[in-house]
Amino acid sequence: HSNRETWFQYFFPPNVCPVNAKANTFYGIMFDAGSTGTRIHIYTFVQKSPENLPELEGEIFESVKPGLSAYADQPEKGAETVKRLLDVAIQAVPPHLWKKTPVVLKATAGLRLLSEEKAQALLLEVREVFEESPFLVPEDSVSIMDGSYEGILAWITVNFLTGQLSGQNQHTVGTLDLGGASTQITFLPRFEETLKETPGDFLTSFEMFNSTYKLYTHSYLGFGLKAARLAALGALNIEAVDGQMFRSSCLPKQLEAEWHFGGVKYRYGGKKEGETGFKSCYLEVRKVVKGKLHQPDEIRGSSFYAFSYYYDRAVDTNLIDYEQGGVLEVKDFERKAKEVCDNMEMYNSASPFLCMDLTYITALLKEGFGFRDNTLLQLTKKVNNIETSWTLGATFHLLQSLGITC
Ligand SMILES: O=c1[nH]cnc2c1ncn2[C@@H]1O[C@H](COP(=O)(O)OP(=O)(O)O)[C@@H](O)[C@H]1O
Ligand SMILES: [Ca+2]
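In the annotation of an unreviewed UniProt entry, the entry for the chain reads nucleoside diphosphate phosphatase, and the organism field reads Accipiter nisus. Quoted verbatim from the Pathway (unreviewed entry) heading of the UniProt record, the comment on the chain is "Protein modification; protein glycosylation."

Draft legend 1. Region of the structure containing the sheet that holds strand β1 (residues 24-33). Spatially, five strands are ordered β3-β2-β1-β4-β5 in an open sheet, and the strand pairing comes out mixed. Only two strands of the sheet have a single partner each, and these edge strands are β3 (55-64) and β5 (142-144). Across the sheet, the mean angle separating the axes of adjacent strands is 20° when strand polarity is ignored. Across ten bridges, the pairing between β1 and strand β2 (residues 38-47) is antiparallel. In the strand pairing of β2, F26 is matched with F45. Here helix α12 (residues 390-402) sits on the sheet and contacts β1, β2, β3 and β4 (103-107); the angle it forms with β1, its principal contact strand, is near 125°.

Draft legend 2. Expanded view of the site of ligand 1. In the region of ligand 1, 21 residues are neighbours, and T36, R39, T108, D312 and E387 sit closest. T108 places a side-chain nitrogen or oxygen 2.6 Å from an oxygen atom of ligand 1. For ligand 1, an oxygen atom lies 2.5 Å from a polar atom in the side chain of D312. Protein contact buries 89% of the 560 Å² of open area that ligand 1 shows by itself. A molecule is said to occupy a pocket when more than half its atoms come within 2 Å of that pocket's grid points, and by this definition ligand 1 occupies the largest pocket. Of all the elements in the fold, those that place two or more residues in the shell around ligand 1 are β2 and α9 (309-316). Classifying every residue of the shell around ligand 1 by side-chain character gives four nonpolar, eleven polar and six charged.

Draft legend 3. Focus on the nonpolar core. L176, Y310, F333, Y360, L365, F369 and L379 are the most contacted members of the largest nonpolar core, which has 63 residues in total. Of all the elements, helix α11 (residues 354-368) adds the most residues to this core, at nine residues.

Draft legend 4. Summary view of the UniProt feature "binding site: ATP" (unreviewed entry) in the chain. As recorded in UniProt, the sites labelled "binding site: ATP" (unreviewed entry) are G180, A181, S182, T183 and Q184. Residues that both appear in the annotated list above and line the largest pocket are G180, A181, S182 and Q184. In this fold, A181 is placed in the loop between β6 (174-178) and β7 (182-187). Leave out the neighbours within four places in its chain, and A181 touches S35, A109, G110, L113, Y220, L221, G222, F223, G224, A227 and F261. Tracing the backbone shows S182 in strand β7. What S182 contacts, discounting residues up to four positions off in sequence, is A109, R112, E150, D177, S219, Y220, L221, G222, F223 and G224.

Draft legend 5. Examining the environment of M30 more closely. Locating M30 in the fold gives a position in strand β1. In this structure M30 comes out as buried when scored by relative accessible area, which is 0%. As a C-alpha pair, M30 and L230 span 200 residues in sequence and 30 Å in three-dimensional space. Beyond its immediate stretch of four places on either side in the chain, M30 contacts R39, I40, H41, V104, K106, W390, T391, A394, T395 and L398.

Draft legend 6. Region of the structure containing the UniProt feature "active site" (unreviewed entry) in the chain. With numbering matched to this structure, UniProt assigns "active site" (unreviewed entry) to E150. Exposure remark for E150: the relative accessible area of 5% places this residue in the buried category. Setting aside anything within four residues of it in sequence, one finds E150 in contact with T108, R112, M145, S182, Q184, S219 and W390.

Draft legend 7. Spatial organisation of α9. When you tally the buried positions in α9, you get six out of eight residues, the bulk of the element. Among the residues of α9, Y309, Y310, Y311, R313, A314 and V315 are the ones counted as buried. One or two positions beyond α9, positive phi appears at N318, with a value near 60°.

Reading guide: rules and limits
Residues numbered from 1 in each chain as written. Chains lettered and ligands numbered in written order. Predicted model: local features only at pLDDT ≥ 70, side-chain atom pairs only at ≥ 80, totals over all residues. Heavy atoms only, no water. UniProt positions renumbered as here; feature names shortened; annotations may be inferred. Pairing = 2+ DSSP bridges. Helix = DSSP H or I, 4+ residues; strand = E, 2+ residues; numbered from the N terminus. Axes fitted to C-alpha atoms, helices over the stretch in contact; angles between N-to-C directions. Contact = heavy atoms within 4.5 Å. Near = heavy atom within 4 Å. Polar contact = N/O pair within 3.5 Å; in protein donor to acceptor, adjacent residues only side chain to side chain. Areas by Shrake-Rupley, 256 points an atom, 1.4 Å probe, with all protein chains shown as cover. 1 Å grid on protein atoms, 1.4 Å probe; cavity = no way out; pocket = protein on both sides within 12 Å on 5 of 7 lines; lining within 4 Å. Sits in = over half its atoms within 2 Å of the grid points. Nonpolar A, V, L, I, M, F, W, Y, C, P; charged D, E, K, R; others polar. Core = buried A, V, L, I, M, F, W, Y, C linked by side-chain atoms within 4.5 Å. Buried < 20%, exposed > 50% of the residue type's maximum accessible area, 1.4 Å probe, protein only.

Right, dumping it as structure tokens:
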């Protein structure tokens, strides 16, 4: 992947703007086709003067569930969900700017897990929806994103929004994204040692705002929260699941239910006999992560921004407020996991997977990445009212590549 090295090389080159450009508003539309849902992000930028970088003014955000991969056998129906979201953009963007507003969709782990044939059929239908829209459809407007971009783009978003990519004294923060089907870890190594002991395909360099960044990033496919449920149940990558019952000590004893993920129906339930509760659940879930992830020493002492399912499960268990987010330690997830798993009857109907999810998050952080109990996690959904998603980083890159930012 030699092109990965130069991918961001000319991110926002200075002063290539026509000298007479006036204050000027423009838009970018980025779709996130995630494994559990499809989302549209419509960003508004204002270029106040030609010598300054465009400023991000706001975001309109809308989402639908399930994700495209749930339509693996009905690609047209899948594309229909994209079309409905695109109607939001038709309302949001003034008609005279439609033709200048690019629309792009990037799919993540849900489509990576489908067969090439089914994934391509979905992308083709979406591409047709775009072609029929009044927006600017760049080449490669509909694609499956490489997992390493997913981490880098989210890192750019968070560090841009927190002001760490401009000026002196940059203290960038690492990011942790826990999706449905994959999970990403990204940070800027501070120690030469880290660079030396890290496998080459975990490192990516790029240049931005006159600085060169060499990031550590990796996307683990199959380690998202929902995929991990299947792995814990022993149901991941099994071809014929029909009728088979998958049981776990992380689920309420009497539970028997059905669950749809990636277009497949799974039957799952609790262990009627035998142990349930945190201890036995942890042993089960630990197998999913133990020895499977690279553990950079450097991260043990640093703090990270965490979002997506880290955020959602912390909200579900009142560890943080939905609007405010908050700062947690890794051990807070473990404490909650114990509380929930050892009192499973209380959580039975509302969220049967809560014990498993919290236990997985604990195991992933501690035994997967190797974080310490007291590692700080900054849980954030929005910064300055903008969603912390890779989509903003992707939109910067899109506008730049089209020469729309001047
Ligand atoms: O724009 C966003 N802002 C905040 N969280 C988001 C956004 N888009 C997706 N998420 C979160 O991502 C998680 C779902 O992961 P997703 O469906 O993207 O799976 P994937 O990344 O494995 O494909 C959920 O926690 C959901 O709330
Ligand atoms: Ca995602």
